[in-house]
Amino acid sequence: MAITSYPFDGQATTETEYSHLFRELQTSGVAASADANALRVSGDSTGMNVKIMPGFAILRGHAVRSTAVETLTVSAADTSARTDRVVLRLDPAANAIALAIVKGPPGGGAPALTQTDTGVYEVPLALVAVGASVTTITAANVEDARPFVGTHVGTWSTSTRPSSPRLGTLGFNRTTQTWEFWTGSTWAALAPTVTWSNVADRPGSFPPSAHVHRWAEITDRPASLPPAAHAHGWPEITGKPDAYPPSSHSHSWSSISGRPSSFPPESHSHSGYLESGDTIAWANGTKRAHAHQVGGSGTYYAVWVDGSGNFGRNTSSIRYKKNVRDAGISPTSVLALTPRVYDRRDFTDPDGNPVQGRRNELGLIAEEVAETLPEIVCLNEEGEIETVRYDLLGVALLPVVQDQEQRIQALEAKLLELTE
């Protein structure tokens, strides 16, 4: 195995050998304080350009220095957003370190860095967000990505501290016998002495943790203690009675055993109101003579029922009416009505029993009536045609009778003229 050592007097040393040597002494990055502007990249809204400040950097044992502000042009924007990367690129074949922009894929993330051991080696300086179809790079589009070279560890006294320290410079102070570092504005202890007075967010008091005290340690303890609330098992009680008469109490329905599943109703009556399932009493006049005395006003009323099940009297007095006007019902509309015979649909009663609908029933079809005489058709709560007001059918027939009466009178008059 060959052994190579360098550099020595009179010995040719290659750049690769120097690179291997210096990269062990210093990492790659910008040689400046971490808060400095050395090689900082910015966008100033002057088109698709970025500017790089002067600075010094080390790349894999090679050095580069820029003494003026450099301007690089970003490639034209794509129809999709992308992220480009500004780098310092070491190219040993070209014997140079240069600034470059690596274009990212449209719609993708930042391109990867090229960092080989003997070929091209790139150090990032910034990321540039290139929006879709933009024509200007602003300061907000640039994100700083500079790495900085490591800071050497030193030893000094308080009076011989470095005069121009970089941010993060670390050393051992022989005067104070402590490790300290430069914050950018002052020297701070790396491991400061912690005292209660310099602890941040310390509590003002501490609640005692769970603990116990022995009875002998308690001061002012009582000589005797009244018993606290407690319980005894029934077998432990002496002198207990053999039986107990029950005191006044109650039982919930669910706790009663042997209860009947239903109760036949006792003899009773209802007056003045109807309930679901009740039938109307014969006092509605259907089994009474017309002149039979009735209660209240002494008058029978036709009854209406609304969609909520409420009853109402059918009244005809002018006292309950306004805006009275001629109906204008055409006799033709009434004569167009067609009587029908039909069967009622089968249904299920409230007890779940199937019931056959009434057969061969005589009546009108509400939808057919609505086509010629909508005045006597009722709608339900959903606006659907529901029924025919058969009580108004007689009123609707009056124009027919009146029209026929006029025709009869005209014919009689004409016949009279012919006979004279």
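Residues numbered from 1 in each chain as written. Predicted model: local features only at pLDDT ≥ 70, side-chain atom pairs only at ≥ 80, totals over all residues. Heavy atoms only, no water.

### A look at the confidence of the model for the chain
What counts here: One confidence number per residue, pLDDT, is output by the predictor and ranges from 0 to 100. In this description a helix means any DSSP run of H or I spanning at least four residues, a strand means any run of E spanning at least two, and both kinds are numbered starting from the N terminus. The contact definition used throughout considers only heavy atoms, calling two residues in contact when any of these lie within 4.5 Å.
Mean pLDDT over the chain: 85, with 91% of residues reaching 70 or higher. Taken element by element, the chain is modelled with least confidence in strand β15 (residues 302–305), mean pLDDT 74, and with most confidence in strand β3 (residues 49–52), mean pLDDT 97. Contacts for the low-pLDDT stretch residues 276–292, under 50 throughout, to residues beyond four places or in other chains number 12 contacts.

### Side note on the sheet that holds strand β6 (residues 70–73)
We apply this condition: DSSP bridges decide pairing: two strands pair if at least two such bridges lie between them.
Taken in spatial order, the 3 strands of this open sheet run β2-β3-β6, and their pairing is antiparallel. Looking at the sheet topology across the chains shown, the edges are occupied by β2 (41–42) and β6.

### A short note on the side chain of Ser66
The line we're drawing: Within 3.5 Å is the distance limit for a polar contact, defined as a pair of N or O atoms, with the added protein rule that one can donate a hydrogen and the other accept it, and that residues adjacent in sequence qualify only through two side-chain atoms.
Its place among the elements puts Ser66 in strand β5 (residues 62–66). Looking at Ser66, its side chain comes within polar contact range of the main-chain oxygen of Ala68, at 3.1 Å. Leave out the neighbours within four places in its chain, and Ser66 touches Leu39, Pro54 and Gly55.

### A few points about the sheet that holds strand β10 (residues 142–144)
Here is the rule: In this description, a line fitted to the C-alpha atoms serves as the axis of each element, helices being fitted only across the stretch in contact, and the angle between N-to-C directions of two axes falls anywhere from 0 to 180 degrees.
The 4 strands are arranged β8-β7-β9-β10 in an open sheet whose pairing can be described as antiparallel. This sheet does not close on itself; its edge strands, each paired only once, are β8 (96–102) and β10. Direction aside, neighbouring strands of the sheet carry axes that sit 20° apart on average.

### Comments concerning the layout of surface pockets
As a reminder of what qualifies: The method works on a 1 Å grid over the protein atoms by themselves. A cavity is a set of points holding a 1.4 Å probe that cannot get out, a pocket is an open set with protein on both sides within 12 Å along at least five of seven lines, and residues with an atom within 4 Å of a point line them. Grid points are joined across faces, edges and corners, and a volume is the space filled by probe spheres set on the points.
Approximately 480 Å³ is the volume attributed to the second largest pocket. Thr315, Ser316, Lys321, Val324 and Leu392 are the residues nearest the centre of the second largest pocket, which is lined by 15 residues in total. It is helix α4 (residues 390–419) that provides the largest number of residues to the lining of the second largest pocket, a total of 3 residues.

### A closer look at helix α1 (residues 15–25)
Definition in use: The rule is simple: take the accessible area with a 1.4 Å probe, protein chains only, and divide by the maximum for that residue type; under 20% is buried, over 50% is exposed, in between is partly exposed. Directions pointing from the helix axis toward each C-beta atom define the arc.
What α1 keeps buried is the set Glu17, Ser19 and Arg23. The buried residues of α1 all sit within an arc of 160° when viewed along its axis, so they share a single face. Close packing links the buried residues of α1 with β5.

### A closer look at the side chain of Ser19
Note that Ser19 resides in helix α1. Overall, the relative accessible area of 2% leaves Ser19 in the buried class. Those residues within four positions of Ser19 in sequence are excluded, and the remaining contacts are Arg60, Gly61 and His62.

### Re a negative patch on the surface
Counted only if it meets this: Grouping into patches uses exposed residues only, defined as over 30% relative accessible area, and leaves out salt-bridged ones; the cut-off is 9 Å for like charges and 5 Å for nonpolar side chains (Val, Leu, Ile, Met, Phe, Trp, Tyr). Only the protein chains shown count as covering a residue, and every accessible area follows the Shrake-Rupley method with a 1.4 Å probe. Criterion for a salt bridge: a side-chain nitrogen of Lys or Arg within 4 Å of a carboxyl oxygen of Asp or Glu. Here the positive residues are Lys and Arg and the negative ones are Asp and Glu; neither His nor the chain ends is included. Throughout, a charge is located at the NZ atom of Lys, the CZ atom of Arg, the CG atom of Asp or the CD atom of Glu.
Taken together, the side chains of Asp306, Glu381, Glu382, Glu384 and Glu386 present a region of like negative charge at the surface. Among the structural elements, Asp306 can be located in the loop between β15 and β16 (311–314). With a relative accessible area of 39%, Asp306 lands in the partly exposed category.

### Focus: the packing of aromatic side chains
The criterion, for reference: A pair of aromatic rings is counted whenever rings of Phe, Tyr or Trp (Trp by its six-membered ring) have centres within 6.5 Å, and the orientation is called stacked for planes under 30 degrees apart, edge-to-face for over 60 and tilted otherwise. Note on geometry: a ring has a charge over it if NZ (lysine) or CZ (arginine) is within 6 Å of the ring centre and within 35 degrees of the ring normal.
With the rule as written, the count across this model stands at 6 aromatic pairs. When the centroid spacing of 5.9 Å and the interplanar angle of 45° are considered together, the rings of Trp196 and Phe206 count as tilted. With Trp196 in the loop between β14 (187–189) and β15 and Phe206 in the loop between β14 and β15, the pair connects residues that are 10 residues apart, well separated along the chain. Grouped by ring-pair contacts, the aromatic residues Trp156, Trp182 and Trp187 constitute a single cluster. Positioned above the aromatic ring of Trp234 is the side chain of Lys240, whose terminal nitrogen or guanidinium carbon lies 5.5 Å from the ring centre.

### Brief notes about the nonpolar core
Grouped burial of nonpolar side chains is what soluble globular proteins tend to show. Rules: In this description, a nonpolar core means a group of buried Ala, Val, Leu, Ile, Met, Phe, Trp, Tyr and Cys residues linked to one another through side-chain atoms lying within 4.5 Å.
Core analysis: the largest hydrophobic core is formed by 25 residues, its most contacted members being Val41, Val50, Leu59, Val86, Leu88, Leu125 and Ile137. Contributing elements (two or more residues each) for this core: β3, β4 (55–59), β7 (82–91) and β9 (121–130). For this core, the element with the highest residue contribution is β9, accounting for 6 residues. Grouped together as the second largest cluster of nonpolar side chains are 13 residues, Ile329, Leu337, Leu393 and Ala396 included.

### Here's the deal with α4
Here is the rule we go by: Expected span of a helix, by definition, is 1.5 Å for each gap between consecutive residues, and there is one gap fewer than residues.
Compared with an ideal rise of 1.5 Å per residue, which puts 30 residues at 44 Å, α4 spans 44 Å between its outermost C-alpha atoms and is within 8% of the ideal. Those residues of α4 lying buried are Leu393, Ala396, Pro399 and Val400.

### Digging into the pattern of salt bridges
Scanning the entire structure with this criterion turns up 15 salt bridges. Here Asp44 makes a salt bridge to Lys51, at a shortest N to O gap of 3.8 Å. Exposure remark for Asp44: the relative accessible area of 34% places this residue in the partly exposed category. Residue class for Lys51 comes out partly exposed when judged on its relative accessible area of 25%. Here Asp346 makes a salt bridge to Arg359, at a shortest N to O gap of 3.3 Å. Within this pair, whereas Asp346 is found in the loop between β17 (340–342) and β18 (347–348), its partner Arg359 is found in the loop between β19 (354–355) and β20 (361–363), the two being separated by 13 residues in sequence.

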